[in-house]
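Secondary and tertiary structure notes
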Amino acid sequence: MTKPEFRVFNSREEVAAAVARHLAETLSAKPAATLGLATGKTFIPIYAEVVEHFKKGEMSFAKAASFNLDEYVGLPAGHPASFRSYMEEHLFRHVDLPAADAHLPSVEGEVEASCAAYEAAITARGGIDLQLLGIGQNGHIGFNEPGSAFDSRTRQVELTQSTIEANTSDFPAGELPPPSAVTMGVGTIVDAKEIVLVALGANKTEALKAAFASAPSTDCPASALQAHGKVVVYCDAAAKGDIEG
Ligand code: F6R
């Protein structure tokens, strides 16, 4: 087991700046990098920083490709809380990533075949060079909820009540998130060459502890990352809490 490197900052703004710099360095070293992207509240300030780098000419996605972790099943196309809409709003429409190379899991039609095609498309690009991850309070990565097998691949999953509650504020008033989603698997995620996991706020400390300061267990899907040799955890002091290291 290789311990992940923790990079701890005093504020969310500093975390966002550091993660954006990490991504800029990845793209500068490999302009045609294949990126694994996340959504969620954690990444809103990070993508804002990334867009600033892009506007200053410090970063280009022109040769890159991206694969998002997950998408809800059953939302109408263009729904404001879909992860496609999130990515358009916070990143895609502001940068030069070719639209054809900005992938999210397909949730239309024959889902099983689309999931296999998603895996195949990642493999055809040579695998993911840098995977960005948030973490759920229950230790989920992507939408791999507790109990997900460490070798799981892209598939349709049911969301837990706690995830539905955590994400309800992303939906228009009176609307709840759908009960299911398509997510890259834990196995898909750990195949990435490098992983950056970001956690902000004291409500993520327990998940970080279960992920990195306890024995790996499918009770905490993020603990699968302990077997990966190249994980960097960016967090604020509140999320780090009393975790050693
Ligand atoms: C998002 C995703 C989720 C989130 C996690 C944390 O694409 O896959 O695993 O990263 O739920 O969400 P926030 O950042 O909203 O706390």
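Residues numbered from 1 in each chain as written. Predicted model: local features only at pLDDT ≥ 70, side-chain atom pairs only at ≥ 80, totals over all residues. Heavy atoms only, no water.

1. Quick look at the overall build of the chain
Scanning the chain for helices and strands turns up eight helices and ten strands. For 245 residues, the compact-globule estimate of 2.2 N^0.38 gives 18 Å, and the chain sits close to it at 17 Å. Counting only C-alpha atoms and orienting by the principal axes, one finds that the chain spans roughly 45 × 40 × 40 Å. For the chain, the residues scored as buried account for 55% of the 245 residues in total. Considering only residue pairs separated by 6 or more positions, the chain has 81% of its internal contacts joining residues 24 or more positions apart. For the chain, the exposed surface amounts to about 10,500 Å²; the carbon and sulfur share of it is 54%. For the chain, the separation between the mean place of its 19 positive charges and that of its 31 negative charges on side chains is 6 Å. (Helix = DSSP H or I, 4+ residues; strand = E, 2+ residues; numbered from the N terminus. Rg over C-alpha atoms; globule rule 2.2 N^0.38 Å. Buried < 20%, exposed > 50% of the residue type's maximum accessible area, 1.4 Å probe, protein only. Contact = heavy atoms within 4.5 Å. Areas by Shrake-Rupley, 256 points an atom, 1.4 Å probe, with all protein chains shown as cover. Lys, Arg positive; Asp, Glu negative; His and termini not counted. Charge placed at Lys NZ, Arg CZ, Asp CG, Glu CD.)

2. Concerning the sheet that holds strand S4 (residues 70-72)
Strand order in this open sheet of three strands is S4-S8-S7, and the pairing throughout is antiparallel. Strand pairing shows two members of the sheet lacking a second neighbour, S4 and strand S7 (155-158), which therefore form its edges. Neighbouring strand axes in the sheet, compared pairwise and without regard to direction, differ in orientation by 30 degrees on average. The pairing of S7 with strand S8 (residues 180-183) spans four bridges and is classified as antiparallel. Its bridge partner being in S8, valine 157 is matched across the sheet by alanine 181. (Pairing = 2+ DSSP bridges. Axes fitted to C-alpha atoms, helices over the stretch in contact; angles between N-to-C directions.)

3. Regarding the packing of helix H1 (residues 12-29) against helix H2 (residues 43-55)
Where H1 meets H2, the closest approach of the two axes is 8 Å, and the angle between their N-to-C directions is 55 degrees. Judged on the interaxial angle alone, H2 and H1 are oblique. H1 and H2 meet at a crossing whose hand is right-handed. Counted together, Ala16, Ala17, Val19, Ala20, Arg21 and Leu23 of H1 and Pro45, Ile46, Glu49, Val50 and His53 of H2 form the full contact between these two elements. Taken together, the residues that form the contact of H1 with H2 break down as eight nonpolar, one polar and two charged. (Parallel < 35°, antiparallel > 145°, perpendicular 65-115°, else oblique. Left-handed = near helix turned anticlockwise from the far one by under 90°. Nonpolar A, V, L, I, M, F, W, Y, C, P; charged D, E, K, R; others polar.)

4. Description of the sheet that holds strand S2 (residues 34-37)
Two modes of strand pairing occur in sheets, parallel and antiparallel, and in both the strands are linked by backbone hydrogen bonds. With respect to topology, seven strands assemble into an open sheet ordered S1-S10-S9-S6-S2-S3-S5, the strand pairing being parallel. Each edge of the sheet is formed by a strand with only one pairing partner; in this case those strands are strand S1 (5-9) and strand S5 (102-103). Pairing geometry for strand S3 (residues 65-68) and S5, over two bridges, is parallel. Note that in S5 the partner of phenylalanine 67 across the bridge is histidine 103.

5. Some words on the pattern of salt bridges
Using the criterion set out here, one finds ten salt bridges in the structure. Note that aspartate 129 is salt-bridged to lysine 30, the shortest N-O span being 3.0 Å. Residue aspartate 129 is found in the loop between helix H4 (111-124) and strand S6 (130-133), and its partner lysine 30 is found in the loop between H1 and S2; the two are separated by 99 residues along the sequence. A relative accessible area of 38% places lysine 30 in the partly exposed class. Shared partners join several salt bridges into a network, and the residues in it are Lys30, Asp129 and Lys193. (Salt bridge = Lys/Arg side-chain N within 4 Å of Asp/Glu carboxyl O.)

6. Some thoughts on the nonpolar core
Counting 75 residues, the largest nonpolar core has Phe61, Leu91, Leu197, Leu208, Leu225 and Tyr234 as its most contacted members. With residues near it in sequence (within four places) discarded, leucine 197 still touches Leu133, Gly134, Ile135, Ile141, Leu208, Phe212, Leu225, Val232, Val233 and Tyr234. Core analysis: the next-biggest nonpolar cluster, separate from the first, contains five residues, Val107, Val111, Cys115 and Val182 among them. (Core = buried A, V, L, I, M, F, W, Y, C linked by side-chain atoms within 4.5 Å.)

7. Let's talk about the site of the ligand
Taken together, 13 residues lie around the ligand, and Thr42, Asp70, His140, Gly142 and Lys204 are the ones closest in. Histidine 140 is positioned such that a nitrogen or oxygen atom in its side chain is 2.6 Å from an oxygen atom of the ligand. Within the side chain of lysine 204, one N or O atom sits 2.7 Å away from an oxygen atom of the ligand. Within the complex, the protein chains bury 91% of what would otherwise be the 410 Å² of accessible surface of the ligand. Split into classes, the residues belonging to the shell around the ligand amount to three nonpolar, seven polar and three charged. (Near = heavy atom within 4 Å. Polar contact = N/O pair within 3.5 Å; in protein donor to acceptor, adjacent residues only side chain to side chain.)

8. Here we look at the environment of glycine 40
Along the chain, glycine 40 falls in the loop between S2 and H2. Glycine 40 sits in the partly exposed class, given a relative accessible area of 25%.

9. Section: helix H7 (residues 205-212)
Here H7 has its buried residues at Thr205, Ala207, Leu208, Ala211 and Phe212. Buried residues in H7, looked at end-on, bunch into an arc of 160 degrees, giving them a common side. Each element contacted by the buried residues of H7 is listed here: S1, strand S9 (194-199), strand S10 (231-236) and helix H8 (237-240). (Arc of directions from axis to C-beta.)

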